[in-house]
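Residue strings, one per chain:
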Amino acid sequence: MDFLLRGLSTLHPTTKFFPGHQTSSLISRQGDYTPVASCPNGGKWEALLVEANPRFDSALHQVEAQHHNQVKAMPSSAAYMCDAQTSFYLDNVNTEHNYWGSSLSPSHQDVVKSGKVKVTVPTRNLLQILHEQTTAKDLVIVKMDIEGAEFDIIPCLANSPQAHLVDKLFMEVHNPSWGLVGTSEQDFQQAQAVLRRQGVAIPAYNSPTLVQTFSHTGTAPVARIDQIMVLTYAERTRAYKYEQVFPGIRVTWMVGVTATDFASEEDMMNREELVPMSEQMKAQWRSNPSRHQNRIDGRPLGTLACALGHYKAWQTAVASLSGREWMIILEDDARPETSSDELLRDLSWIAPDVDLVFLGERHCPFLYGSAAYAITAKAAQALLNMPFMYNADFYLDLPVNRSLIKRKCLPPHFHHRPTEATNTSMTKLLRLSKS
């Protein structure tokens, strides 16, 4: 999103400081936020605020007047990688969140809900701003929350001579389909890798709670992770030692049903070995829109077993969680790319109205995949209330699409890496599935 408290901003504590104006009392140091007074050179700073939504023109000018010679506002302007003009689509539905879904993309979900109301705004070239207003001696922080346009800007920045001028990039990552030039997820990740090699720090970032938390408490909240639950089955070799990777967080293993122990889906549904299925659940599963394709793919037993495993995890979450506690649910082929501290830090910044957080690389942006995610009790109950008729990979979006809960995508903390199970009867499973 690109709105009053967001957009493009840069910070240089040696001579200048450019954050979003409601976070102008903060800088980042080793992943933590500290007062501007702690900046070098006596805490001197300057801020450049770029905001496309015309709703906030007046407020931006007020901030500019309050910080004369320190803040420069660029209202009704969109941060981009070139100077031009473009259509900017207004979010008119998220009134309690500063219309945070406003975007350059006409396909953004909040833009669609708002009727694709648009205005024409100039774009401001980030590369030119860096070239003209920063030096290599400055400490420069770019704060970017622009609802998908990061997929256009970041590859361009990575290939430019201005990249080395940026010290830290606080960037909220959205759906790549909201970009305008067709950057793939892989190309976007490669561009970030190029920036990191040039010395740009890119910490995991979520902007809404940065403002909310500091404006009320001045400190970061602490996430409460009740447990990490790993879904597995008896024949699977445990490839990743989660207990060692996440010391201090309780790790539990839930061994589900093994598909090869059953002759058919009906056999699995009638034997209550994991989740007792009511007649209604059985009827719903028989209406699974992917059931025919599952059979073609040779995996009807496996998909049912997987769905039952997630269903059991949601039941456990409802029974054990309270308030803003999180349960992290992993399939046993989710390879950790994170630590306990990183998980706690990133979940601490999740907005209080978000109850489902994707932690893997597949669901965002591909809208499938259930290898790694975090839920609260509210999200777990919302999932249990859905009809039991979908593959686990697609289940997680149902309550989100029905506006029952909100989701958030974080930079991947886990990557889906299918492991080879040794001494298993996988051949038998495929044979049974196709019979």
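Residues numbered from 1 in each chain as written. Predicted model: local features only at pLDDT ≥ 70, side-chain atom pairs only at ≥ 80, totals over all residues. Heavy atoms only, no water.

Caption draft 1: Molecular detail of the sheet that holds strand 12 (residues 325–331). Strand order in the open sheet made by the 6 strands is 11-10-12-15-14-16, with mixed pairing throughout. Each edge of the open sheet carries a strand with a single partner, namely strand 11 (251–256) and strand 16 (407–409). The mean angle between the axes of side-by-side strands here comes to 20°, regardless of whether they run parallel or antiparallel. (Pairing = 2+ DSSP bridges. Helix = DSSP H or I, 4+ residues; strand = E, 2+ residues; numbered from the N terminus. Axes fitted to C-alpha atoms, helices over the stretch in contact; angles between N-to-C directions.)

Caption draft 2: Layout of helix 5 (residues 150–158). With respect to burial, helix 5 is a largely interior element, 8 of its 9 residues being buried. Regarding helix 5, the residues found buried are E150, F151, D152, I153, I154, P155, L157 and A158. (Buried < 20%, exposed > 50% of the residue type's maximum accessible area, 1.4 Å probe, protein only.)

Caption draft 3: Here's a closer look at the sheet that holds strand 5 (residues 78–80). In space, the 3 strands of this open sheet follow the order 5-7-6, with mixed pairing throughout. What marks the edges here is a single partner per strand, and that holds for strand 5 and strand 6 (84–89). If you compare each strand with its neighbour and ignore which way they point, the axes differ by 45° on average. In this structure, strand 6 lies alongside strand 7 (residues 118–125), joined through 6 bridges in antiparallel fashion. Bridged to A84 within strand 7 is T123. Across the sheet, helix 4 (residues 126–133) is in contact with strand 5 and strand 7; its angle to strand 7 comes to roughly 40°. (Contact = heavy atoms within 4.5 Å.)

Caption draft 4: Representation of the pairing of strand 9 (residues 168–171) within the structure. The two faces of strand 9 match: K168 and F170 on one face and L169 and M171 on the other face are all buried. As paired strands, strand 8 (residues 141–144) and strand 9 are joined by 4 bridges and run parallel to one another. Bridge pairing in strand 9 places M144 opposite M171. What joins strand 8 to strand 9 is helix 5, and the crossover it makes is right-handed. (Right-handed = clockwise from strand over helix to strand, strands pointing away.)

Caption draft 5: Spotlight on the packing of helix 4 against helix 5. Packing of helix 4 against helix 5 brings their axes to within 10 Å, and their N-to-C directions diverge by 45°. Classified by the angle their axes make, helix 4 and helix 5 are oblique. When helix 4 is examined against helix 5, the residues L126, L127 and L130 are found in contact with a partner set consisting of I153, C156 and L157. Counted by class, the contact of helix 4 with helix 5 contains 6 nonpolar, no polar and no charged residues. (Parallel < 35°, antiparallel > 145°, perpendicular 65-115°, else oblique. Nonpolar A, V, L, I, M, F, W, Y, C, P; charged D, E, K, R; others polar.)

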